[in-house]
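# Summary of structural features
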Amino acid sequence: MTRSEELFYEAVNFIPGGVNSPVRAFGSVGMTPRFIKSAEGAYLIDADGNRYLDYIGSWGPMILGHANPLVLQRVEEACKKGLSFGAATEAEVDMAKLICSMVPSVEMVRMVNSGTEAVMSAIRAARGYTGRDKIIKFEGCYHGHSDALLVKAGSGVMTAGVPDSSGVPEGCTQDTLPAAYNDISSVEKLFESYNKEIAAVIVEPVGANMGVVPPVKGFLQKLRALCTENKTVLIFDEVITGFRLAMAGAQEYYGVEADLTTYGKIIGGGMPVGAYGGKKDIMEVVAPVGSVYQAGTLSGNPVAMAAGIAQLTYLKDHPEVYRRLEKMGELLYGGMKELCEREKLPYQVNRVGSLGCMFFTPDPVVDYTSAKKSDTEMFRLYFRHMLEHGIYLAPSQFEAMFLSDSHTEEDIRYTLDTMHRFFEK
């Protein structure tokens, strides 16, 4: 028995399912999870000493690679001064100024502790600002595990095969209106029925929790126009795309500005952190200025701020990172697509920048319904093959692959060669 297996069988006695987040479970691929001991650059080392080329990157934030020396140095310096104060710090001000300088639509920002908390708080702010209750979300878009948003969510919910979550009272979701991603007519119909009641439309500008599903041409622009016309707050959930697709995230990449934006762990260099921000008049409804209450002892934690400032400052000062990631994305995902076409494989490869996904379905994947057509048994076989050859992917058909600035062309060639060997079998 491997050390990872020993740890897992011990963990199931004390942790539900043996993991602290369902997306870490390997049940859907018929395996037990690898327990990671360390990481550096583009590689992970598990408890048995196995080395893996990592395409998860802690689910996105490790855009510079694991254990980046600059980030580690800033964290070590911050730790020596104290881990938590529960009081205001200069680092919080520096972080807020940095984010506002990088994202034109963000005039004020509030730090929180996770993407889930950021989204929950942004929606509360939108409701407080508009005086309305209803929100529109899209099928297959995951916005964290707060009650009102576990309606046709993506990510681990799709992998587990459950449409919603038990333990969520019906009343918590009665004001959540689901629409079809990439189908603007489904949004228009909801506005026709509830136009004076809709506080916000929240969307992942790139659907990255049902695999990777890019917005069709004009979709985000039409959402922007509908929200403006109906005095509704447009929220971009950029927990995955923020500071990854471009310096100002998907808003820069697609040329569309949101009213509010949510961020996750990428602004903490992988530390537990999140933020929501946007137009000043909306953000000033938040306490202590306004009447929308939101608080957190660990919000703006000095260690997380130090890590985030180091990573974001590097990205701001080195825009060539984004050009390199775009090039590497084309090399990897373009290579995957070329392999499918050359071998006449009935599969789809979707890609936006450094994000990508192979879907085991012959049909184009443009939304939640088409993503669900994927052959999860074929994915299971593919996942096992890749893991056995030292390539660490998310254990789910419905998750993204993430490239980092530490991945090399040699890494990508090895990945494509390993894929090719699987399809030759």
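The rules behind these values
- Residues numbered from 1 in each chain as written.
- Predicted model: local features only at pLDDT ≥ 70, side-chain atom pairs only at ≥ 80, totals over all residues.
- Heavy atoms only, no water.
- Helix = DSSP H or I, 4+ residues; strand = E, 2+ residues; numbered from the N terminus.
- Rg over C-alpha atoms; globule rule 2.2 N^0.38 Å.
- Buried < 20%, exposed > 50% of the residue type's maximum accessible area, 1.4 Å probe, protein only.
- Contact = heavy atoms within 4.5 Å.
- Core = buried A, V, L, I, M, F, W, Y, C linked by side-chain atoms within 4.5 Å.
- Salt bridge = Lys/Arg side-chain N within 4 Å of Asp/Glu carboxyl O.
- Pairing = 2+ DSSP bridges.
- Expected span 1.5 Å × (residues − 1).
- Arc of directions from axis to C-beta.
- Axes fitted to C-alpha atoms, helices over the stretch in contact; angles between N-to-C directions.
- Parallel < 35°, antiparallel > 145°, perpendicular 65-115°, else oblique.
- Left-handed = near helix turned anticlockwise from the far one by under 90°.
- Nonpolar A, V, L, I, M, F, W, Y, C, P; charged D, E, K, R; others polar.
- Disulfide = S-S within 2.5 Å.
- 1 Å grid on protein atoms, 1.4 Å probe; cavity = no way out; pocket = protein on both sides within 12 Å on 5 of 7 lines; lining within 4 Å.
- Points joined across faces, edges and corners; volume = space filled by probe spheres on them.
- pLDDT = per-residue confidence, 0-100.

What follows deals with the overall build of the protein. Across its full length, the protein carries 14 helices and 14 strands. A globule of 425 residues ought to have a C-alpha radius of gyration of about 22 Å, and the protein, at 21 Å, matches this closely. For the protein, the C-alpha atoms occupy an extent of roughly 60 × 55 × 45 Å along the three principal directions. Burial analysis of the protein (425 residues in total) assigns 55% to the buried set. Within the protein, contacts between residues separated by at least 24 positions form 71% of all contacts whose residues are at least 6 apart in sequence.

We now examine the nonpolar core. If you look at the biggest cluster of nonpolar residues, it comprises 62 residues, and the most contacted ones within it are Ile99, Phe243 and Ile267. Counting residues per element, the ones that place at least two in this core are β3 (51-54), α3 (90-102), β4 (108-112), α10 (302-317), α11 (320-342), α13 (376-388), β13 (391-392) and α14 (409-424). Residue contributions to this core peak at nine residues, all from α11. Those residues in contact with Ile267 that sit more than four places away from it in its chain are Met95, Ile99, Met111, Phe243, Val273, Gly274, Ala275, Ala304, Gly308 and Leu312. Counting residues in each nonpolar core, the second largest holds 39 residues, with Ile184, Cys227, Val256 and Tyr368 among its members.

So, on to the pattern of salt bridges. Across all of its chains, the model carries twelve salt bridges by this definition. Between Arg224 and Asp259 there is a salt bridge, and its shortest N-O distance comes to 3.0 Å. Within this pair, whereas Arg224 is found in helix α7 (residues 219-229), its partner Asp259 is found in the loop between α8 (249-254) and β9 (260-263), the two being separated by 35 residues in sequence. Taking relative accessible area as the criterion, Asp259 reaches 14% and is therefore assigned buried. When the shortest N-O distance is used, the salt bridge between Lys279 and Glu257 registers 3.3 Å. With Lys279 in the loop between β10 (274-278) and α9 (280-283) and Glu257 in the loop between α8 and β9, this residue pair connects regions lying 22 residues apart in the sequence. Three or more residues are tied together by salt bridges with common partners; here these are Glu326, Glu330 and Arg351.

Here the focus is the pairing of strand β12 (residues 355-359). Among the five residues in β12, five count as buried, and that is most of the element. Side chains Leu355, Cys357 and Phe359 project from β12 onto one buried face, and the interleaved Gly356 and Met358 project onto a second face that is buried too. Turn length for the strand β11 (residues 348-352)-β12 hairpin, with the two strands adjacent in sequence and antiparallel, is two residues, and the turn residue Gly353 shows positive phi of about 60°. Of the strand pairs in this sheet, β12 and strand β14 (residues 401-402) are connected by two bridges, and their pairing is antiparallel. Within β14, the position partnered with Leu355 by the bridge is Phe402.

The subject of this paragraph is α3. The first and last C-alpha atoms of α3 sit 19 Å apart over 13 residues, in line with the 18 Å expected at 1.5 Å per residue. For α3, the set of buried residues is Ala91, Met95, Leu98, Ile99 and Met102. All buried residues of α3 project into a common sector of 95° when viewed along the axis, lining one side. More than 90 degrees from the buried face of α3, the exposed residues found are Glu90 and Lys97. Tucked into the core, α3 has its buried residues touching β4, β9 and α10.

Before going further, it helps to spend a moment on the sheet that holds β13. Taken together, four strands build an open sheet; the order of strands is β1-β2-β3-β13 and the sheet is mixed. Looking along the sheet, the strands with just one partner apiece sit at the ends: β1 (36-40) and β13. Sheet analysis places β3 next to β13, joined by two bridges and oriented parallel. Counted as the bridge partner of Asp54 is Tyr392 from β13.

Glancing now at the packing of α11 against α14. Contact pair α11 / α14: the axes reach a minimum separation of 10 Å and the direction vectors enclose 15°. The orientation of α11 with respect to α14, classified from their angle, is roughly parallel. Crossing angle aside, the handedness with which α11 passes α14 is right-handed. Residue-level contacts link Lys327, Met328, Leu331, Leu332, Gly335, Met336, Leu339 and Arg342 of α11 to Glu409, Ile412, Thr415, Leu416, Met419, His420 and Phe423 of α14. Classifying every residue of the contact of α11 with α14 gives nine nonpolar, three polar and three charged.

Now for the state of the cysteines. As used here, a disulfide is simply a covalent bond connecting the sulfur atoms of two cysteines. Tallied over the entire structure, the rule returns zero disulfides. Of all cysteine sulfurs, the one in Cys141 lies closest to Cys227, which takes part in no disulfide; the gap is 14 Å. Residue Cys227 is classed as buried on the basis of its relative accessible area of 1%. Between Cys357, a cysteine without a disulfide, and Cys340, which holds the nearest cysteine sulfur, the sulfur-to-sulfur distance is 11 Å.

Here we come to empty space enclosed by the protein. Any empty space left between atoms is shown by rolling a water-sized probe over those atoms. Here the structure, examined in full by the defined rule, presents two cavities of 30 Å³ or more. Of the pockets and cavities examined, the largest cavity occupies roughly 100 Å³. Residue lining of the largest cavity: Met336, Cys357, Met358, Phe379, Tyr382, Leu393, Ala394, Ser396, Gln397, Glu399, Ala400 and Met401, and that is the complete set. The residue makeup of the lining of the largest cavity, split by class, is nine nonpolar, two polar and one charged. Reported here for the second largest cavity is a volume of approximately 50 Å³. The residue makeup of the lining of the second largest cavity, split by class, is five nonpolar, six polar and two charged.

Here we take up the confidence of the model for the protein. The predicted coordinates of low-pLDDT regions are not to be read in fine detail. Scored by pLDDT, the protein comes out at a mean of 93, with 94% of its residues at no less than 70. Confidence drops under a pLDDT of 50 for residues 158-163, and excluding neighbours within four residues, the segment shows 15 contacts in the predicted structure.

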